[in-house]
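Okay, here's what each chain looks like letter by letter:
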Amino acid sequence: PGEAEGDVPYYIWNLWWMKRAVLTGDSLFFTEHIFAPNGISLAFHAFVFAKSFVSIPFQFLLSPWAVYNLLILLTFTIAACCMFLFARHCTGDNIGAWIAGLVYGFSPYMLARGTGHLNYLSAEWIPLYVLCLMRFCDEGNVRWSIAAAICLLLTAYSEYYYLIYLTMFTVGYL
């Protein structure tokens, strides 16, 4: 990552726009900086809101390019940890769960997305959502439904396709 080709500059702009919009009070969902002077809606823009929002404090210390690369590295790690938790719940085996986490977090799919698609790389919430859903169905505890809802919300603020996939999975699972 970090090369000025492909979609990477697009995601760098997203990080910059989130910081600017939050600090100036501008709308997150509309900008006049694209298609000026009329502007354009960002409602269905592949914005990766969750990651862009989390990046704001880091942007005061690092360049947007460095923050982008940091987000990618953190995403691989978080995805591996979330799959570890899910696999450990399903198998009860720490070593197998650790291997599952590595395989998921650093799979060819994830590595390919790490070269320029921050939205598609945001698959860390998928295993965590499934874990919370399973725990809710098994235990009936409301905190697991809240945790699942938060994971679903974070998925929605990362990639809409993954939200659709998780919705289809939930219907099938239930």
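Above this text is the structure in question.
The structure displayed is predicted, hence computed values, not measured ones.

A.B. asks: I would appreciate a short explanation of the side chain of Lys 19 in the present structure.
C.D. replies: In this fold, Lys 19 is placed in helix α1 (residues 8-24). No salt bridge is formed by the buried Lys 19, whose closest oppositely charged neighbour, Asp 26, lies at an N-O distance of 13 Å. In this view, Lys 19 contacts Ile 56, Gln 59 and Phe 60; residues no more than four positions away in its chain are not counted.

A.B. asks: Looking at this structure, I do not really get unusual backbone geometry. What am I missing?
C.D. replies: A negative phi angle characterises most non-glycine residues, just as the trans form characterises most peptide bonds. Geometrically, the link from Ala 36 to Pro 37 is a cis peptide bond, its omega value of 0° lying close to zero. Along the chain, Pro 37 falls in the loop between β1 (30-31) and β2 (40-41). At Phe 35, a position not held by glycine, the phi torsion is positive, near 55°. When you line up the elements, Phe 35 lands in the loop between β1 and β2. For Phe 35, a relative accessible area of 57% corresponds to the exposed category.

A.B. asks: How should helix α10 (residues 160-173) be read in this particular structure?
C.D. replies: If you check α10, its first and last C-alpha atoms are 20 Å apart, about what 14 residues at 1.5 Å a residue would give, namely 20 Å. Three or more residues of α10 are buried, namely Tyr 162, Leu 166 and Thr 170. Viewed along the axis of α10, the buried residues span an arc of 80°, placing them on a single side of the element. Exposed and oriented more than 90 degrees from the buried face of α10 are Met 168, Val 171 and Gly 172. Where the residues of α10 are buried, they touch α6 (108-113), α7 (118-121), α8 (125-139) and α9 (142-156).

A.B. asks: Quick question: what am I supposed to make of the state of the cysteines here?
C.D. replies: Here a disulfide denotes a covalent bond joining the sulfur atom of one cysteine to the sulfur atom of another. Per the counting criterion, the structure on display carries 0 disulfides. Its sulfur unpaired, Cys 81 is 7.0 Å from the next cysteine sulfur, which belongs to Cys 82. Looking at Cys 151, it has no disulfide partner, and the nearest cysteine sulfur is the one in Cys 132, 4.4 Å off. For Cys 151, a relative accessible area of 4% translates into the label buried.

Criteria and cut-off values
Residues numbered from 1 in each chain as written. Predicted model: local features only at pLDDT ≥ 70, side-chain atom pairs only at ≥ 80, totals over all residues. Heavy atoms only, no water. Helix = DSSP H or I, 4+ residues; strand = E, 2+ residues; numbered from the N terminus. Buried < 20%, exposed > 50% of the residue type's maximum accessible area, 1.4 Å probe, protein only. Lys, Arg positive; Asp, Glu negative; His and termini not counted. Salt bridge = Lys/Arg side-chain N within 4 Å of Asp/Glu carboxyl O. Contact = heavy atoms within 4.5 Å. Expected span 1.5 Å × (residues − 1). Arc of directions from axis to C-beta. Disulfide = S-S within 2.5 Å.

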